[in-house]
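Structure at a glance
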Protein chains: 2
Amino acid sequence: METISIGQYDLIYNAFSFTFATMAAATLFFWFGRSQVADAYKTAMTVTGLVTAIAAYHYFRISESWADAFVLSNGTVAASEIAFNDAYRYVDWFLTVPLLLVELILVMGLSRQETTSKAIRLGLLAALMVGLGYPGEISDTSSGRWLWGGLSMIPFLWIVYELFVGLSRSVDQQPESARGLVKAAIWVTVLSWAFYPVVFFAGAIGLEGSTATTVVQVGYTIADIIAKAAFGVLIFMIAVRKSEADMGRAKTA
Amino acid sequence: METISIGQYDLIYNAFSFTFATMAAATLFFWFGRSQVADAYKTAMTVTGLVTAIAAYHYFRISESWADAFVLSNGTVAASEIAFNDAYRYVDWFLTVPLLLVELILVMGLSRQETTSKAIRLGLLAALMVGLGYPGEISDTSSGRWLWGGLSMIPFLWIVYELFVGLSRSVDQQPESARGLVKAAIWVTVLSWAFYPVVFFAGAIGLEGSTATTVVQVGYTIADIIAKAAFGVLIFMIAVRKSEADMGRAKTA
């Protein structure tokens, strides 16, 4: 690990601790919220909380690994003998990114067959996207970063296509009170996910040393909070409104 | 960290430990209380408990960081090589202060549109207030403290205006049994929050060294207990009374 200033060390450590607290709080919020939605959306809320719970675990590990990677003494910071374990992020994404698509599909309430086929297809594409990114992340050369990062963009663009085109008919079938939120959830997915390659390629376009480390670590952290916790709040709001719409329909019928 | 007496070290450490226990106990109280209020107020109780849960996590971290920052031997206390991480407080406030306003808005039971718009506006103002305070807190000069502290007062005063003027019509629409408590909750917010700048500026008006550290640490701790745990008890009482009032109305109808 290259030299880093105490200010950068602290900023990154505090960003990790902040994200742990955010993810843990979000998890409890989603699991409490589970009792406030109709049965049809309870699994969506379970999965939404699982995503942030898995992220909370990894951010706890990441912050410990970060603290272990440096030795602080009298206001200076130096690399310790233990390398920072960046793989926690990829392990996390490998699990949580497919689940994020699953929670979106579950809250949309498609037919059982569509739910299964879309969850499997999108889940596999997401796992492939994360898996292809990792060799680029640990690559020492910027050509390695471009190669694997570029390959990883293929499943990403496929997912974007599936979300906007494949789900468009299902979006139109949502109850009116939830339709805007479902569209917002799709946009949050695409935009927050698009932020990851920006951070990823920051390591390939001249940014170097401790500045690159700071941009990459803080950047991924912000993207994770939006893609998992903020996205989860949208899923909860969709589930609440659809529960109300279903009840209204049941009363009128 | 400047020299500090063993009495001051102990007072601050015990204040942190006390606050951890208070926040953790408050969290359980609020989440147990969740089942005693009507559905409309359950999210308010979830968020009330989240605020104290996040604070409990940070007070645990703060007390550990405080212990690590000093070496005790033979009844004397000396600074260790590791600095006390004061940023935990700001990380905490950045998350919890917007949520405190959200719990107040949720328990008032405004229309969906008003709830969303007020929660977003007040939440962003609160995050801005905390974010502007931090550079002042870590500033070495008292002019830096005055500058950033002063800037931070702008969103604070805006929030005070929103609470007293923006919410006044909604306060009048509360059921009679809860109206006094809602007014009290607004006053507790404004008065306990006004206590933070008093502590903050104590570092800029001549108070120095270990006395300033003691005043700042114990002062923030007292303010946190009032603003989060005591305020949360008011939110719970409001939710209980409004649940009773809603039921009474449902019976008469």
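Going by the structure above, here's the rest.
Right, let's walk through the structure included here. The residue count restarts for each chain, going from 1 along the sequence in the order it is written. Labels follow written order: the first chain is A, the first ligand is 1, and so on. This being a predicted model, a pLDDT of at least 70 is required before a residue's local features are given, and a value of 80 or more before pairs of side-chain atoms are given or counted; all residues contribute to the totals for chains, interfaces and linings. Calculated side-chain values reflect all of the structure's heavy atoms, with hydrogen atoms and water omitted.

Some remarks on the pairing of strand S1 (residues 70-73) of chain B
All names here are of chain B.
- Relative to strand S2 (residues 76-79), S1 runs antiparallel, the two being bridged by 4 bridges. Paired with Leu72 across the two strands is Val77, which belongs to S2.
- Taking the residues between adjacent antiparallel strands as the criterion, S1 and S2 are bridged by 2 residues, where Asn74 takes a positive phi near 50 degrees. A pair of strands is labelled paired if DSSP reports no fewer than 2 bridges between them. Labels follow the DSSP assignment, with helices taken as runs of H or I lasting at least four residues and strands as runs of E lasting at least two, numbered in each case from the N terminus.

A word on the relation of the copies chain A and chain B
- Least-squares fitting of chain A to chain B yields an RMSD of 0.1 Å, with the superposition described by an axial translation of 0.1 Å and a rotation of 70 degrees. Such values leave the two copies arranged in the relation of a five-fold axis. Among all residues of chain A, the one whose C-alpha sits closest to the rotation axis is Ser35 of chain A, at a distance of 9.2 Å. Only residues with pLDDT of at least 70 in both copies contribute their C-alpha atoms to the least-squares superposition of the copies.

Some points on the interface of chain A and chain B
- Pairs of residues are marked as contacts when any of their non-hydrogen atoms sit within 4.5 Å. Listed by partner, the interface residues are 25 residues for chain A and 20 residues for chain B.
- Salt bridges are identified by distance alone: a Lys or Arg side-chain nitrogen within 4 Å of an Asp or Glu carboxyl oxygen. On inspection of chain A and its partner chain B, the count reaches 1 salt bridge.
- Close ionic contact of Glu244 of chain A with Arg112 of chain B constitutes a salt bridge, the shortest N to O distance being 3.0 Å.
- Any pair of nitrogen or oxygen atoms within 3.5 Å is treated as a polar contact; in protein, a donor-acceptor pairing is required on top of that, and neighbouring residues in sequence qualify only through side-chain atoms on both sides. Connecting chain A to chain B are 9 residue pairs in polar contact (both at pLDDT 80 or more).
- Going through the elements one at a time, helix H1 (6-33), helix H2 (42-68), strand S1 (70-73) and helix H8 (209-252) of chain A are the ones with two or more residues in the side of chain A that touches chain B.
- Among the elements that make up the side of chain A that touches chain B, the one with the highest residue count is H1 of chain A (12 residues).

Things to note about helix H1 (residues 6-33) of chain B
- Relative to the 40 Å expected for 28 residues at 1.5 Å per residue, H1 of chain B spans 40 Å between its end C-alpha atoms, a close match to the ideal helical length.
- Three labels apply to residues, based on accessible area from a 1.4 Å probe with only protein chains included: buried if under 20% of the type maximum, exposed if over 50%, partly exposed otherwise in between. For H1 of chain B, the full list of buried residues reads Gln8, Tyr9, Ile12, Ala15, Phe16, Thr19, Met23, Ala26, Thr27, Phe30, Trp31 and Gly33 of chain B.
- Each element contacted by the buried residues of H1 of chain B is listed here: H1 of chain A together with helix H2 (42-68), S1, S2, helix H3 (87-108) and helix H8 (209-252) of chain B. A helix is expected to span 1.5 Å for every residue after the first.

Some words on unusual backbone geometry
All names here are of chain B.
- The phi torsion at Asn74 lies on the positive side, around 50 degrees, for a residue other than glycine.
- Tracing the backbone through its elements, the reader meets Asn74 in the loop between S1 and S2.
- Overall, the relative accessible area of 81% leaves Asn74 in the exposed class.

Focus: the packing of aromatic side chains
- Stacked, tilted and edge-to-face are the three classes applied to pairs of Phe, Tyr and Trp rings, where Trp contributes its six-membered ring and a pair requires centres within 6.5 Å; stacked means planes under 30 degrees apart, edge-to-face means over 60, and tilted covers the rest. Scanning the entire structure with this criterion turns up 42 aromatic pairs over all chains.
- Where Tyr9 of chain B meets Tyr13 of chain B, the ring centres are 6.5 Å apart and the plane angle is 15 degrees; that geometry is what we call stacked. Of this pair, Tyr9 of chain B and Tyr13 of chain B both sit in helix H1, 4 residues apart, which is roughly one turn of that helix.
- By relative accessible area, which is 7% here, Tyr9 of chain B ends up buried.
- An aromatic cluster is defined as three or more aromatic residues linked by ring pairs; in this entry it consists of Tyr9, Tyr13, Phe16, Tyr59, Trp66, Phe70 and Phe84 of chain A together with Tyr88 of chain B.
- Only lysine NZ and arginine CZ atoms are considered, and such an atom sits over a ring when it is within 6 Å of the ring centre and within 35 degrees of the ring normal. Just above the ring of Phe200 of chain A sits the side chain of Arg145 of chain A; from NZ or CZ to the centre is 4.8 Å.

Describing a nonpolar patch on the surface
Residues and elements named next belong to chain A.
- Two distance rules govern patches: like charges are joined within 9 Å, and nonpolar side chains (Val, Leu, Ile, Met, Phe, Trp, Tyr) within 5 Å, applied only to residues with over 30% relative accessible area and no salt bridge. Per-residue accessibility takes into account occlusion by the displayed protein chains alone, with areas from the Shrake-Rupley method and a 1.4 Å probe. Residues Trp158, Tyr161, Phe164, Val165, Trp187 and Leu191 make up a contiguous nonpolar surface patch of roughly 660 Å² in combined accessible area.
- Of all the elements in the fold, those that place two or more residues in the nonpolar patch are helix H5 (142-166) and helix H7 (176-202).
- For the nonpolar patch, the leading source of residues is H5, giving 4 residues.

Re the nonpolar core
- Throughout this description, the term nonpolar core refers to a set of buried Ala, Val, Leu, Ile, Met, Phe, Trp, Tyr and Cys residues connected via side-chain atoms within 4.5 Å. If you look at the biggest cluster of nonpolar residues, it comprises 94 residues, and the most contacted ones within it are Trp66, Leu104, Ile159, Leu163, Trp193 and Tyr220 of chain A together with Trp66 of chain B.
- In terms of nonpolar packing, the next biggest core, distinct from the first, is built from 52 residues, Met45, Val102, Ile105 and Leu110 of chain B among them.

Here's the deal with H3 of chain B
All names here are of chain B.
- In this model H3 runs 32 Å from its N-terminal to its C-terminal C-alpha over 22 residues, within 8% of the 32 Å that 1.5 Å per residue would give.
- Its maximal kink placed at Trp93, H3 deviates by approximately 30 degrees.
- Burial within H3 is extensive, with 19 of its 22 residues counted as buried.
- Directly beyond the C-terminal end of H3, a positive phi value near 65 degrees is found at Gly109. Here the bend at each residue means the angle between axes fitted to two seven-residue stretches, the one ending at that residue and the one beginning there.

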